[in-house]
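# Commentary on secondary and tertiary structure
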Amino acid sequence: MAKDCLFCQIVAGEVPSDIVYQDDKVVAFKDINPVAPVHILIIPRKHISDLTEIGPEDTNLIGHIHSVAIKIAKEKGLADRGFRLVNNCKKDGGQVIYHLHFHLLGGRQLTALG
Ligand code: 5GP
Ligand code: ZN
């Protein structure tokens with residue numbers, strides 16, 4: 001657990017969150033400031049600061065995060081209509097919280113990126 005990391009504190013249960021799925025590798029919870037009817041953050045339990053910090057040992061983890069995203073998307077009725085899975089990486093990518101996370105967005109027509 002990284003000191004002063006908000007998402008590590010969520011993983012540890014020290015900061016409350018609305019968890020929709022968890023297992024031994026990942027936690028998925030509702031974004032506190034949703035920008036779509038479904039806006040869920042999927043994060044590894046392990047602290048990884050951003051996407052550039054994943055190593056060869058993390059490739060299964062990244063695949064697992066995608067599997068979890070699909071499972072949640074199906075449960076939320078998004079599998080047929082579609083959804084978006086987004087990672088914001090570092091400053092230009094718009095990353096604010098430096099604990100790797102993927103945004104699962106859906107439930108409305110999403111606009112172009114940029
Ligand atoms: P980023 O810009 O780093 O990709 O996204 C960070 C996300 O974390 C934002 O969408 C923001 O609303 C969300 N967030 C920030 N603080 C909290 C919190 O305390 N709880 C939850 N559930 N989400 C948070
Ligand atoms: Zn962390």
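Bear in mind the structure is a predicted one, so any value in this text is a computation, not a measurement.

## So, the overall build of the protein chain
Assigned secondary structure in the protein chain consists of three helices and five strands. In the protein chain, the succession of helices and strands from N to C terminus is α-β-β-β-α-β-α-β. Relative to the 2.2 N^0.38 estimate, which gives 13 Å for 114 residues, the radius of gyration of the protein chain is 14 Å and therefore close to what a compact globule would have. Sorting the 114 residues of the protein chain into buried and exposed places 39% on the buried side. Within the protein chain, counting contacts between residues at least 6 apart in sequence, those at least 24 apart form 54% of the total.

## Brief notes about the pairing of strand β5 (residues 102-106)
Along β5, five of the five residues are buried, which leaves the element largely enclosed by surrounding structure. For strand β3 (residues 38-44) and β5, the ladder comprises five bridges, and the chain directions are antiparallel. Bridged to I40 within β5 is L104. Where strand β4 (residues 84-86) lies against β5, three bridges are found, and the strand directions are antiparallel. Across the sheet, residue V86 finds its bridge partner in β5, namely H103.

## A word on unusual backbone geometry
Phi angles above zero are rare outside glycine, and D4 is one such case at about 65 degrees. By the element assignment, D4 lies in the segment before α1 (6-11). When its relative accessible area of 64% is taken as the criterion, D4 is described as exposed.

## Considerations on the coordination of the zinc ion (ligand 2)
Looking at the metal site, the zinc ion (ligand 2) is ligated by C5 (SG), C8 (SG), H47 (ND1) and H99 (ND1), spaced 2.0 to 2.3 Å from it. Classification of the site at the zinc ion (ligand 2) as tetrahedral follows from its four donor atoms and the range of 106 to 115 degrees in their angles at the metal. Taken in sequence order, the residues that donate to the zinc ion (ligand 2) follow the motif C-x2-C-x38-H-x51-H. Placement of C5 in the segment before α1 and of H47 in the loop between β3 and α2 (59-75) is noted, with a sequence separation of 42 residues between them. With a relative accessible area of 6%, C5 lands in the buried category. Assessed through its relative accessible area of 30%, H47 is described here as partly exposed.

## A look at the layout of surface pockets
Space inside the largest pocket adds up to approximately 630 Å³. For the largest pocket, the lining is made up of 29 residues, of which D31, N33, H39, L41 and H103 are closest to its centre. At the level of secondary structure, the elements contributing two or more residues to the lining of the largest pocket comprise α1, β2 (26-30), β3, β4 and β5. Looking at which element gives the most residues to the lining of the largest pocket, the answer is α1, with three residues. In the lining of the largest pocket, the residues fall into 15 nonpolar, ten polar and four charged.

Each value, and the rule that gives it
Residues numbered from 1 in each chain as written. Chains lettered and ligands numbered in written order. Predicted model: local features only at pLDDT ≥ 70, side-chain atom pairs only at ≥ 80, totals over all residues. Heavy atoms only, no water. Helix = DSSP H or I, 4+ residues; strand = E, 2+ residues; numbered from the N terminus. Rg over C-alpha atoms; globule rule 2.2 N^0.38 Å. Buried < 20%, exposed > 50% of the residue type's maximum accessible area, 1.4 Å probe, protein only. Contact = heavy atoms within 4.5 Å. Pairing = 2+ DSSP bridges. Donors = N, O, S within 2.8 Å, 3.2 Å for Na, K, Ca; no water. Tetrahedral: all angles 85-135°; square planar, octahedral: opposite > 155°, others 65-115°. 1 Å grid on protein atoms, 1.4 Å probe; cavity = no way out; pocket = protein on both sides within 12 Å on 5 of 7 lines; lining within 4 Å. Points joined across faces, edges and corners; volume = space filled by probe spheres on them. Nonpolar A, V, L, I, M, F, W, Y, C, P; charged D, E, K, R; others polar.

Distances and angles like these do not, on their own, reveal function.
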